[in-house]
Amino acid sequence: MSSYTAHFKVWRGDADGGGLADYQVEVNDGEVVLDIIHRLQATQAADLAVRWNCKAGKCGSCSAEVNGRPRLMCMTRMSVFSREETVTVTPMRTFPVIRDLVTDVSFNYTKAREVPAFVPPQGVAAGEYRMAQQDVERSQEFRKCIECFLCQNTCHVVRDHDENKPAFSGPRFLMRVAELDMHPLDAAAEAGLDRAASAQDEHGLGYCNITKCCTEVCPEGIHITDNALIPLKERAVDRKYDPLVWLGSKIRRRGQ
Amino acid sequence: MPPLVTAVGLALFVTYATWRAFANSHYYAAPYVSPFYSPCLASNCQDMKGGADWPLFGSWWGLSPALLVLVFPLGFRLTCYYYRKAYYRGIWSSPPACAVAEPHAKYTGETRFPLILQNSHRYFFYLALVVAGILTYDAVLGFRDEHGNWGHMGLGTLVLLANIALIWAYTVSCHSCRHVIGGKLRHFSRHPVRYRLWGWVGTLTARHMLLAWSSLISVGVADFYVYLVSSGAFDDPRFF
């Protein structure tokens, strides 16, 4: 097993400000960035704040920006950097810093609450739901989300424009709207809720200019843009901009 | 694809297409017609034996007839989900790259005029189907010789066939097509044929960027080939 000393720059500070601090730290074969942050805590910076939990890419806690790229620290191998390369670790830029690498992600919890929950179908009791696999597999892809909020952090709509935060839910929660709208048993429409139209009217789908950064940073490999955001845009077009679909739905409704 | 490469690639094509669209010459060399000039909707077109020569606009149109047609594929590509990503990133820097700060003070995305018109993509998709159908007809006419007799094949026939194959692949891989084919359904299990088609289209959609560039290049190459043959700079090699 070989080891070397790496040059790390880690953002230290709090809501009042801060800056990059330099560290020389030991790196061993097979380690990930989070291991090095933990070594810093153990040896040089006992008060370094970092949020982490599973160290297996499944809890979504250790999101940060490593050399400017939004990534999970536990899934970023040190072997992707050369030994001479300085590794810079900063907190997610879109959310307010609490301390060091820990940010306040409550924006996401607010947006999560704004998405109306699954509406159970009438006359089918819980436990009696029966769905064909091909009907649920689209929604299942979105259920892989670990809520690391890297997509929310990378999306330039809120990353570069704080003023858009009230109007835009971000890719993670637009994907949640898509998941429910594609759910074979969701009875939102019967309850008077048009999820596709509300995606545009209430969750800011129109702000998305489908530049696919959310997809690029997703550690779960979810095709957020192709499978959730674009289909949701097309569904919104059905409701709002396609007179043929609108006319067809009116005629069908009259016939019911 | 790096933003600079995207921007340069698009700029090259736009420059070439603008020159050829306004040129109004060397777009027909029997039996080949340039994809930029088909269908011909004005009466100032060259006679294209049996080709898509339908002077719906009559004789008052004095500019290049290509301008009447190119608006459809242009609109289709301009509102395409892939090209939107490409030019928002490569030209408008919104954003220049992921997690790279964009230079604009304000951002409203596709919520307002004019970008809200991007929602018209599906209409351009419907029109693109018609244009692809006509270009297929042109490619089939490539199996006739310059006198209109069937049983001919030249290098130009192959060029037009390759072009139309890529144009169909690009058109069918469109996200609006995927939605119309089956994406809008809630219960795939009740529509097995549409579900299967949706799966196939999805496979192509995953390669939409590749097909967008391939078909953009092929349409330019097909036009340039017809230009070379029509202007006499190159003799079309005949296979039979």
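Rules and cut-offs
Residues numbered from 1 in each chain as written. Chains lettered and ligands numbered in written order. Predicted model: local features only at pLDDT ≥ 70, side-chain atom pairs only at ≥ 80, totals over all residues. Heavy atoms only, no water. UniProt positions renumbered as here; feature names shortened; annotations may be inferred. Helix = DSSP H or I, 4+ residues; strand = E, 2+ residues; numbered from the N terminus. Core = buried A, V, L, I, M, F, W, Y, C linked by side-chain atoms within 4.5 Å. Buried < 20%, exposed > 50% of the residue type's maximum accessible area, 1.4 Å probe, protein only. Domains from an automatic or database assignment. Contact = heavy atoms within 4.5 Å. Buried area = accessible area lost by both parts, 1.4 Å probe. Salt bridge = Lys/Arg side-chain N within 4 Å of Asp/Glu carboxyl O. Polar contact = N/O pair within 3.5 Å; in protein donor to acceptor, adjacent residues only side chain to side chain. Nonpolar A, V, L, I, M, F, W, Y, C, P; charged D, E, K, R; others polar.

- For chain B, the name recorded in an unreviewed UniProt entry is Integral membrane protein, with Actinacidiphila rubida as its organism.

- If you check an unreviewed UniProt entry, chain A appears there as Succinate dehydrogenase subunit B from Actinacidiphila rubida.
- In its Sequence similarities (unreviewed entry) section, UniProt records this for chain A: "Belongs to the succinate dehydrogenase/fumarate reductase iron-sulfur protein family."

Some points on the UniProt feature "transmembrane region" (unreviewed entry) in chain B
- The sites that UniProt annotates as "transmembrane region" (unreviewed entry) are residues 60–83, 123–144, 150–170 and 210–230 of chain B.
- The span residues 150–170 of chain B is 76% helix and 0% strand, and its two end C-alpha atoms sit 29 Å from each other.

Points about the nonpolar core
- F8, V33, I37, M73, M78 and V89 of chain A are the most contacted members of the largest nonpolar core, which totals 67 residues.
- Counting the residues that make up this core, at least three belong to each of domain 1 (3–103) and domain 2 (106–255) of chain A.
- In this structure I37 of chain A touches V10, L48, V50, M73, V89 and L101 of chain A, once residues within four positions along its chain are discounted.
- Judged by nonpolar contacts, the second largest core, of 48 residues, contains A29, C40, A169 and Y225 of chain B.

Here we look at the interface of chain A and chain B
- Facing the 45 residues of chain A at the interface are 39 residues of chain B.
- On the chain A side of the interface with chain B, the three residues burying the most area are R138, H161 and E234 of chain A, jointly 16% of the side's total.
- The tally of links between chain A and chain B comes to five salt bridges.
- One salt bridge connects D238 of chain A with R122 of chain B, and the closest N-O pair in it is separated by 2.5 Å.
- The interface formed by chain A and chain B includes 29 residue pairs in polar contact (both at pLDDT 80 or more).
- Of all elements in the fold, only α3 (133–142), α5 (156–159), α6 (171–181), α8 (213–217), α9 (224–240) and α10 (243–255) of chain A reach the threshold of two or more residues within the side of chain A that touches chain B.
- Counting residues per element, the side of chain A that touches chain B draws most heavily on α9 of chain A, which supplies nine residues.
- For the side of chain A that touches chain B, a count of residues per class yields 16 nonpolar, twelve polar and 17 charged.

Concerning the domain arrangement of chain A
Residue and element names in this part refer to chain A.
- Splitting chain A by domain gives domain 1 (3–103) and domain 2 (106–255).
- Distance from the C-alpha centre of domain 1 to the C-alpha centre of domain 2: 32 Å.
- Each partner contributes to the interface: domain 1 provides 14 residues, whereas domain 2 provides 17 residues.
- Between domain 1 and domain 2 lies a buried interface of about 1,200 Å² when both sides are counted; carbon and sulfur atoms form 52% of it.
- The tally of links from domain 1 across to domain 2 stands at three salt bridges.
- Between E65 and R159 there is a salt bridge, with its nearest N and O atoms 2.8 Å apart.
- Put simply, domain 1 and domain 2 have eight residue pairs in polar contact (both at pLDDT 80 or more) between them.
- Elements supplying a minimum of two residues to the side of domain 1 that touches domain 2: β3 (63–66) and β4 (69–72).
- Looking at the side of domain 1 that touches domain 2, its residues break down into six nonpolar, four polar and four charged.

Observations regarding the pattern of salt bridges
Residues and elements named next belong to chain A.
- Summed over all chains, the structure comprises 28 salt bridges over all chains.
- The partner of D47 in a salt bridge is R99, and the shortest N-O contact between them spans 3.5 Å. Of this pair, D47 sits in the loop between α1 (33–43) and β3 while R99 sits in strand β6 (residues 97–99); the two residues are 52 residues apart in sequence, bridging distant segments of the chain.
- Look at R99 and you get partly exposed, because its relative accessible area is 36%.
- Salt bridges sharing common partners tie together R12, D47, R99 and D100.

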